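# Remarks on the overall topology
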Amino acid sequence: MTIEKLLLTLDSGINYYFYGSTDIEVYAAEKLEDTETMTPDILYVTDAYASKDSPGNVLYASSSDIPIILKQLRCSISRDYQITSELNHLNQKVLNNVSLQHISDTCRALLNTTIFLLDEQFSLLAFSGKNEAKRFLGSISANNIIGKDTSITYLPANHICPYDAVLAPINNNGKLLGYILSSAWEGAGNIKGISDVLHEISKILSNCKGFSSSRTPISKRQQYLTELLQLHSIDAVTAKQKQKELNFPEHDKYFVLSFKINTDKKLIFMRDTLQTILKEEVYEYNHYFFAIVGCQIHKRISEQTYPKLLLFLKENDMYAGMSNGFLDYSLLRTAFEQSITAPSLRQYISGKEIRFCRYEDLILSHLLEMAFQKGIPYRSFCHPNVVNIERYDQEHGTEYLKTLSAYVYNNLRLSETASKLYIHRNTLYHRINILREQFGIDFDNPREFMKLQISCTAYGFIGEVKNANQIFGPMD
């Protein structure tokens, strides 16, 4: 870090005098103790007179300010070292040709600001940060800022755009490839510092293949879906009109199928394979592949619908999450969030064996999870007879709660339940009679059965049902 940049990081209220060249790179700041041991790559701080013949760089300040100055200088040098390390990491990612979404996430972590990666027409290629900042992008285009300057542009916050921002062009051999836009909440961050680092980032991104003219342009469909995923709400009528305008297939209902991306090496192959299996267009957003699957209102979609998908998921150690059904694209954001939530919920309850996870099977578990997070005791949701069974099991070493849960999970089907528990049908029938007669469980009352489902789900969710992953029945 040059001494010139280092001195700019000191508080404006500190008085000091510097003797030496400001364009020298230094890697440390030390208190001057002995002029005989000074080196040119260290910035020294002292309150005593030093000879002009001193071989080092000396900053003079009052003795009371020296501890503060040294602390600020060392923090700045440490931060500069960290930024240099992160820039090298970013450069390595560019050389490895990772996705633009990964690039934008890395830039956000480096700058701690919202990041937009844009093509030369200012179309969004990748985004990482606060979704509210999305509105800022359109206002820049409206103000015709683009193309007026080839240098870094500072965009101060105003009443329309409550963000300070810095815009940097990305050029390669004099050709404009795109832009990187860094925005922060009003008054947040050191804009001058962001500008300096952004300049270095733009030079690294000039070699990024994602910005090259040979890249496959993002389709209007992808752009529209990305906008829907970044908005909190949208009018259903407007969404329907746009859906027709972009020739999206029309169905009675839709589901979002999502797949978390766990590698950078085979993205194109994996996306193409998923498109072949699903026979649907596959998009990429925020480290996920996703597809919108449509069907008739009476049809159900499960893992049996895509037998080849299960093999693909297992081979690539991936999981598929499917949202609850929705009727129009205005609910796409909610559906996407449901789809990415489903695998983690399913794994929490039943381990990692189930790779196709439907949110509709886990709605109750999700509601219970949110209740637990608010501190509501799980037993408060449980049927008192089921709580009594749990206590009986603990006192007598029995497994009636597991038997009850398996029977409920398998929709009261004897054969499937006995198979899951690895017991004979007669043994199961005997246990069910005990549940009826000794514990007062009424399997014939629909309202009672719903309470049993809630109770067994609650116990399964908090791990009270042993080997719960082995007793889940068919999803349909």
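Residues numbered from 1 in each chain as written. Predicted model: local features only at pLDDT ≥ 70, side-chain atom pairs only at ≥ 80, totals over all residues. Heavy atoms only, no water.

Moving on: the sheet that holds strand 10 (residues 253–260). Sheets are built from strands that pair by backbone hydrogen bonding, the pairs being arranged parallel or antiparallel. Taken in spatial order, the five strands make up an open sheet running 11-12-10-13-14, and their pairing is mixed. Looking at which strands have only one partner, the edges of the open sheet turn out to be strand 11 (282–285) and strand 14 (356–358). For this sheet the average axis-to-axis angle between neighbouring strands, irrespective of direction, equals 25°. The sheet contact formed by strand 13 (residues 320–322) and strand 14 spans three bridges and is parallel. Its bridge partner being in strand 14, alanine 320 is matched across the sheet by phenylalanine 356. (Pairing = 2+ DSSP bridges. Helix = DSSP H or I, 4+ residues; strand = E, 2+ residues; numbered from the N terminus. Axes fitted to C-alpha atoms, helices over the stretch in contact; angles between N-to-C directions.)

Let's shift gears to unusual backbone geometry. The phi dihedral of lysine 279 is positive, around 60°, even though this residue is not glycine. In this fold, lysine 279 is placed in the loop between helix 8 (267–278) and strand 11. Despite not being glycine, tyrosine 422 has its phi angle at roughly 60°, a positive value. Here tyrosine 422 is to be found in the loop between helix 14 (414–421) and helix 15 (425–437).

The next thing to look at is the pairing of strand 4 (residues 57–61). Most of strand 4 sits inside the fold, with five of its five residues counted as buried. Going residue by residue along strand 4, you find Asn57, Leu59 and Ala61 tucked away on one face and Val58 and Tyr60 tucked away on the opposite face as well. Of the strand pairs in this sheet, strand 1 (residues 16–19) and strand 4 are connected by four bridges, and their pairing is antiparallel. Within strand 4, the position partnered with tyrosine 19 by the bridge is valine 58. Where strand 3 (residues 42–46) meets strand 4, four bridges bridge the pair, whose relative direction is parallel. (Buried < 20%, exposed > 50% of the residue type's maximum accessible area, 1.4 Å probe, protein only.)

Attention shifts here to the side chain of serine 455. For serine 455, the position within the fold is in helix 16 (residues 446–461). A distance of 2.8 Å separates a polar atom in the side chain of serine 455 from the backbone oxygen of lysine 451. Among residues more than four places away in sequence, those in contact with serine 455 are Phe381, Cys382, His383 and Val386. (Polar contact = N/O pair within 3.5 Å; in protein donor to acceptor, adjacent residues only side chain to side chain. Contact = heavy atoms within 4.5 Å.)

Right, let's talk about the packing of aromatic side chains for a bit. This structure, assessed with the given rule, holds 13 aromatic pairs. Measuring from centroid to centroid gives 5.4 Å for tyrosine 283 and phenylalanine 290, while their planes differ by 35°, and the two rings are tilted. Residue classification places tyrosine 283 among the buried positions, given a relative accessible area of 4%. Three or more aromatic residues joined by ring pairs make a cluster, and in this case those are Tyr224, Phe248, Tyr254, Phe326 and Tyr329. Positioned above the aromatic ring of phenylalanine 248, the side-chain terminus of arginine 221 is 4.7 Å from the ring centre. (Phe/Tyr/Trp six-rings, centres within 6.5 Å; stacked < 30°, edge-to-face > 60°. Lys NZ or Arg CZ within 6 Å of the ring centre and 35° of its normal.)

Listing the buried residues of helix 9 (residues 307–315) in full gives Leu309, Phe312 and Leu313. One side of helix 9 carries all its buried residues, which in axial view fall inside an arc of 100°. Structural note: helix 9 exposes Pro307, Lys308, Leu311, Lys314 and Glu315 on the side pointing more than 90 degrees away from its buried face. Where helix 9 is buried, its residues contact strand 10, helix 8, strand 13 and strand 14. One or two steps after helix 9, the chain reaches aspartate 317, where phi turns positive at roughly 50°. (Arc of directions from axis to C-beta.)

Turning next to the pattern of salt bridges. Evaluation of the coordinates by the stated rule reveals 13 salt bridges. Across the salt bridge formed by aspartate 317 and arginine 355, the nearest N and O atoms sit 3.4 Å from each other. Of this pair, aspartate 317 sits in the loop between helix 9 and strand 13 while arginine 355 sits in the loop between helix 10 (332–350) and strand 14, and the two are 38 residues apart along the sequence. The class for aspartate 317 is partly exposed, based on a relative accessible area of 48%. One network of salt bridges, in which partners are shared, links Arg300, Arg358, Glu360 and Asp361. (Salt bridge = Lys/Arg side-chain N within 4 Å of Asp/Glu carboxyl O.)

The four strands lie next to each other as 1-4-3-2, forming an open sheet whose pairing is mixed. Single-partner strands in this sheet number two, and they are strand 1 and strand 2 (28–31). Ignoring which end each strand starts from, the neighbouring axes of this sheet average 25° apart. Sheet strands touched by helix 2 (residues 66–95): strand 2, strand 3 and strand 4. Its angle to strand 2, the strand with the most contacts, is close to 165°.

Relative to the assigned elements, valine 408 resides in helix 13 (residues 400–409). For the pair formed by valine 408 and threonine 457, sequence separation is 49 residues and the distance between their alpha carbons is 9.5 Å. With residues up to four places along the chain from it excluded, the contact list for valine 408 reads Phe449, Leu452, Gln453 and Cys456.

Turning our eyes to something else, we now look at the packing of helix 12 (residues 384–396) against helix 16. What describes two packed helices is the angle between their axes and the distance between those same axes. Packing of helix 12 against helix 16 leaves a shortest axis separation of 9 Å and a crossing angle of 40°. As far as their axial angle goes, helix 16 and helix 12 are oblique. As helix 12 packs across helix 16, the resulting crossing turns out to be right-handed. Where helix 12 approaches helix 16, its residues Val386, Val387 and Glu390 are matched on the opposing element by Leu452, Ser455 and Tyr459. (Parallel < 35°, antiparallel > 145°, perpendicular 65-115°, else oblique. Left-handed = near helix turned anticlockwise from the far one by under 90°.)

Let's shift gears to the environment of asparagine 57. Note that asparagine 57 resides in strand 4. Along the chain, asparagine 57 and proline 40 lie 17 residues apart, while their C-alpha atoms are 6.6 Å from each other.

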